[in-house]
Amino acid sequence: TSVTKVTATDADDPVYGNSARLVYSILQGQPYFAIDANTADIKVALHAMDREMREEYLIVIQAKDMGGHMGGLSGTTTVTITLSDINDNPPKFSKSLYEFTIPEDLGVGKPGGRVKANDRDVGENARSTYSIIEGNERDFFEITTDPKTQEGILQLKKPLDFESRKSYTLKVEAANVRSDPQSSSAGLYKDTATVKVVVDDSDEPPIFSMSTYMMQVHENASVNTVIGQVDAHDPDITGSLVRYFIDRHTDLERQFNINVEDGKITLAKPLDRETEMWHNITVTATEVKNHSQISRATVAIRVLDINDNAPEFATEYEAFLCENGKPGQVIQTVSAVDKDDPQNGHSFLYSLVPEMLNNPNFTIKNNGDNSISVLAKHDTFRRQKQEMYFLPIIVTDNGNPPMSSTNTLTIRVCGCSREGIVQSCNVEAYVLPIGLSMGALIAILACIILLLVIVVLFVTLRRHKNEPLIIKDDEDVRENIIRYDDEGGGEEDTEAFDIATLQNPDGINGFLPRKDIKPDLQFMPRQGQHSGPNGVDVDEFINVRLHEADNDPTAPPYDSIQIYGYEGRGSIAGSLSSLETASSESDQNYDYLKEWGPRFRRLGELYSVGESDKET
């Protein structure tokens with residue numbers, strides 16, 4: 001078989017004849033390869049080469065001119081030959097028996113062990129697949145190939161149970177993915193091994209007899225009625241006792257209870273199918289020896305219906321009857337609903353209350369579809385006579401026992417057009433002026449009220465107009481008594497007040513006293529014992545002011561309080577204010593207080609005592 005071909009060149013001129021003819025030979029690389037001396041074609045000389053034994057060969061080739069005779073020149077080169085791989089080696093397990101211990105609580109799809117078959121080939125020729133050919137009749141296991149490591153991964157397809165079976169013996173086969181047509185043993189490259197699986201016992205949670213329980217109970221069942229029972233057991237050999245509980249997250253209303261020992265579910269509160277038809281709760285089973293081992297099951301409880309609700313009108317009907325209607329015309333079609341759900345469907349019976357059986361105005365007719373029609377008996381209905389009628393109707397179902405209720409249909413008498421279209425249902429429509437709608441009347445009334453409000457507001461503002469009550473006289477500089485609310489710093493404080501403001505009380509911040517309101521405090525003028533030679537009599541001052549108030553045309557027509565803040569002049573007692581003296585307390589003599597009369601006697605004694613205390 002030809003492998004490759006080499007070429008050599010000679011720089012001599014061909015005219016020299018044989019001196020340019022080259023001859024090729026192998027100096028190193030025999031006996032595996034040979035070369036044609038004239039064409040330099042390298043061929044395989046030995047067919048027993050094995051890539052797995054030796055993959056690379058180095059061949060030294062010589063080219064000699066002059067036809068290879070003595071005296072010719074030569075040159076050499078090295079050729080590297082690499083053998084390519086063919087699938088001529090089968091996969092081979094490293095050992096014939098594998099043993100694995102797998103816990104019974106290992107999850108489905110989880111790996112339980114690894115096996116590997118080695119192949120001396122490389123690349124695609126070394127790829128193998130694994131399969132279980134014996135010992136897996138119940139299909140508990142499966143084996144897959146790891147594409148990176150070419151290992152066989154043994155994993156579970158079904159949960160194991162130590163109590164049912166403690167060991168398994170499997171026969172595993174590894175086979176090449178592809179076969180090479182150049183190989184004489186094509187299709188036969190495979191190997192087998194035995195895998196023994198030992199199941200390890202684990203503490204398993206309790207197992208319910210069913211994953212979902214279906215129960216039913218009538219809605220009128222009494223409290224503590226047994227609805228059903230759940231059952232669970234510990235699958236371990238130790239056989240621990242099991243306790244039952246209800247997951248209260250699935251029973252927030254605590255509608256049910258369960259016996260912790262036997263799993264009987266009882267009713268804790270009355271049921272109402274119309275409120276909730278299904279109750280889905282979760283029941284847990286816990287081992288007594290190991291509280292961490294818990295299992296759960298769903299319990300679906302259906303509430304069965306009983307006839308405990310009376311039928312009633314489907315809606316609050318309000319019928320309208322035209323005054324010009326004809327006898328026998330349908331006023332209203334009435335249907336009923338029932339919260340109960342009987343197996344054979346609803347069937348309602350309608351009737352008038354016994355005292356209305358001979359009703360002269362209305363009657364009812366069964367429509368055959370659980371509804372009735374209310375009919376008028378005559379055409380003499382008038383709104384002035386009676387504008388509203390109440391028709392009580394009894395609705396009875398077909399339950400056992402039957403339930404019934406009385407519902408009232410309200411019928412209004414209305415004015416209608418000739419086509420029977422309702423226009424007005426109010427009696428007041430007849431007394432309204434022709435051509436004047438209710439909206440127009442409301443607008444007129446609103447305008448009248450608005451005008452009245454404006455007039456009242458205007459009169460009120462006129463009556464409360466502010467006017468000065470004291471005649472301001474710029475030439476009147478007589479001393480007046482004014483009121484101030486500042487406590488001050490005592491008799492020695494002579495800088496807290498401006499004496500000039502006391503001379504003109506009307507000029508303080510432009511404030512003028514009002515005649516039409518009562519002042520906060522009223523100060524009565526103090527009269528001295530007698531006026532001085534140049535003083536003004538206080539009585540005369542008051543009389544003048546009184547006369548001015550009585551003859552003032554701008555004064556309010558009602559009584560008002562007049563404020564006279566005039567102290568008067570010429571009192572022999574002088575002023576009591578400490579603001580008008582510059583003498584200190586030690587320079588003053590208060591003996592004159594005793595001469596003022598009995599009213600000032602006590603005050604004179606107090607000041608006399610104070611002077612005597614200072615002297616001592």
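Residues numbered from 1 in each chain as written. Predicted model: local features only at pLDDT ≥ 70, side-chain atom pairs only at ≥ 80, totals over all residues. Heavy atoms only, no water.

**A look at the overall build of the chain**
- Looking only at helices and strands, the chain has 4 helices and 32 strands in total.
- Taken over 616 residues, the chain has a buried fraction of 31%.
- Across the chain, every contact between residues at least 6 apart in sequence was considered, and the portion connecting residues at least 24 apart equals 65%.
- Of the roughly 39,800 Å² of accessible surface on the chain, a fraction of 51% belongs to carbon and sulfur atoms. (Helix = DSSP H or I, 4+ residues; strand = E, 2+ residues; numbered from the N terminus. Buried < 20%, exposed > 50% of the residue type's maximum accessible area, 1.4 Å probe, protein only. Contact = heavy atoms within 4.5 Å. Areas by Shrake-Rupley, 256 points an atom, 1.4 Å probe, with all protein chains shown as cover.)

**Examining the side chain of aspartate 338**
- Here aspartate 338 lies in the loop between strand 26 (330–337) and strand 27 (349–352).
- Although aspartate 338 lies buried, it forms no salt bridge, and the closest oppositely charged side chain, arginine 273, sits 7.3 Å away as judged by the N-O distance.
- Residues contacting aspartate 338, with those up to four places away along its chain left out, are Asn307, Asn309, Ala310, Pro311, His346, Phe348 and Asp397. (Lys, Arg positive; Asp, Glu negative; His and termini not counted. Salt bridge = Lys/Arg side-chain N within 4 Å of Asp/Glu carboxyl O.)

**Structural notes on the sheet that holds strand 6 (residues 74–82)**
- Pairing is antiparallel across the open sheet formed by 3 strands, whose spatial order is 2-5-6. The two strands at the open ends of the sheet, each matched to only one other strand, are strand 2 (23–28) and strand 6. The sheet shows a mean angle of 30° between the axes of neighbouring strands, direction not considered.
- In this structure, strand 5 (residues 56–64) lies alongside strand 6, joined through 9 bridges in antiparallel fashion. In the sheet register, glutamate 56 faces strand 6, and the bridge partner there is threonine 82. (Pairing = 2+ DSSP bridges. Axes fitted to C-alpha atoms, helices over the stretch in contact; angles between N-to-C directions.)

**Regarding the nonpolar core**
- Counting residues in each nonpolar core, the largest one holds 25 residues, and the members touching the most others are Phe362, Val374, Leu391, Ile393, Leu409 and Ile411.
- Secondary-structure elements contributing two or more residues to this core are strand 25 (318–322), strand 26, strand 27, strand 29 (371–376), strand 30 (388–396) and strand 31 (404–416).
- It is strand 30 that contributes the most residues to this core, 5 residues altogether.
- Once residues within four sequence positions are removed from consideration, leucine 391 is found in contact with Leu352, Met356, Asn359, Phe362, Val374, Asn407, Thr408, Leu409 and Ile411. (Core = buried A, V, L, I, M, F, W, Y, C linked by side-chain atoms within 4.5 Å.)

**Looking at helix 3 (residues 538–550)**
- Its 13 residues give helix 3 an end-to-end C-alpha distance of 18 Å, which sits within 8% of 18 Å, the value for a rise of 1.5 Å per residue.
- Taken together, the buried positions of helix 3 are occupied by Val538, Phe541, Arg545 and Ala549. Taken down its axis, helix 3 places every buried residue within 70° of arc, on the same side. Those residues of helix 3 that are exposed and angled more than 90 degrees off the buried face are His547 and Asp550. (Expected span 1.5 Å × (residues − 1). Arc of directions from axis to C-beta.)

**Things to note about the pattern of salt bridges**
- Summed over the entire model, instances satisfying the criterion amount to 8 salt bridges.
- The shortest N-O distance in the salt bridge between arginine 273 and aspartate 305 comes to 3.1 Å. Residue arginine 273 is found in the loop between strand 21 (264–267) and strand 22 (278–287), and its partner aspartate 305 is found in the loop between strand 23 (294–304) and strand 24 (312–313); the two are separated by 32 residues along the sequence.
- Overall, arginine 273 belongs to the buried group, its relative accessible area being 8%.

**Examining the environment of valine 413**
- Within the fold, valine 413 resides in strand 31.
- For the pair valine 413 and asparagine 426, spaced 13 residues apart in the sequence, the C-alpha separation amounts to 8.6 Å.
- Beyond its immediate sequence surroundings of up to four residues, valine 413 is in contact with Leu321, Glu323, Phe381, Arg382, Arg383, Gln386, Glu387, Tyr389 and Cys425.

**Remarks on the state of the cysteines**
- One pass over the full model with this rule turns up 2 disulfides.
- The disulfide that involves cysteine 322 links it to cysteine 416, with 2.0 Å between the sulfurs. With the S-S dihedral at roughly -85°, the linkage between cysteine 322 and cysteine 416 falls on the left-handed side. A residue pair is termed long-range when its members are at least 10 positions apart, and cysteine 322 in strand 25 and cysteine 416 in strand 31 qualify at 94 residues. Like cysteine 416, cysteine 322 is buried.
- Here cysteine 414 engages in a disulfide with cysteine 425; their sulfurs sit 1.8 Å apart. (Disulfide = S-S within 2.5 Å.)

**What to know about a negative patch on the surface**
- On the surface, a cluster of negative charge is made up of Asp105, Asp200, Asp201 and Asp203.
- Here aspartate 203 lies in the loop between strand 14 (190–200) and strand 15 (207–208). (Patch = residues over 30% accessible without salt bridge, like charges linked within 9 Å, V, L, I, M, F, W, Y side chains within 5 Å. Charge placed at Lys NZ, Arg CZ, Asp CG, Glu CD.)

**Thoughts on the packing of aromatic side chains**
- All chains considered together, the criterion is met by 10 aromatic pairs.
- Plain terms: the ring middles of tyrosine 98 and phenylalanine 100 are 6.4 Å apart, the flat faces sit at 15° to each other, and that makes the pair stacked.
- Here tyrosine 98 falls in the buried class, since its relative accessible area comes to 5%.
- By relative accessible area, which is 14% here, phenylalanine 100 ends up buried.
- Taking the centre distance of 6.4 Å and the plane angle of 75° together, the rings of phenylalanine 208 and tyrosine 213 count as edge-to-face. (Phe/Tyr/Trp six-rings, centres within 6.5 Å; stacked < 30°, edge-to-face > 60°.)

**What to know about a nonpolar patch on the surface**
- A grouping of Met214, Met277 and Trp278 is seen on the molecular surface, where their side chains present a nonpolar patch of about 310 Å² in accessible area.
- Structurally, the position occupied by methionine 214 is in strand 16 (residues 212–218).
- We classify methionine 214 as exposed; its relative accessible area is 58%.

**Comments concerning the pairing of strand 31**
- Inspection of the sheet shows strand 25 paired to strand 31 by 5 bridges, in the parallel sense. Considered in strand 31, the bridge of glutamate 318 is made with threonine 410.
- When strand 30 meets strand 31, the two strands line up antiparallel, connected through 9 bridges. What sits directly across from valine 395, in strand 31, is serine 405.
- Sheet topology note: the strand 31/strand 32 (residues 422–424) ladder contains 2 bridges and is antiparallel. By the bridge assignment for strand 32, cysteine 416 is matched with valine 422.
- Where strand 31 folds back onto strand 32 in an antiparallel hairpin, the turn is made up of 5 residues, including glycine 420, whose phi is positive at roughly 85°.

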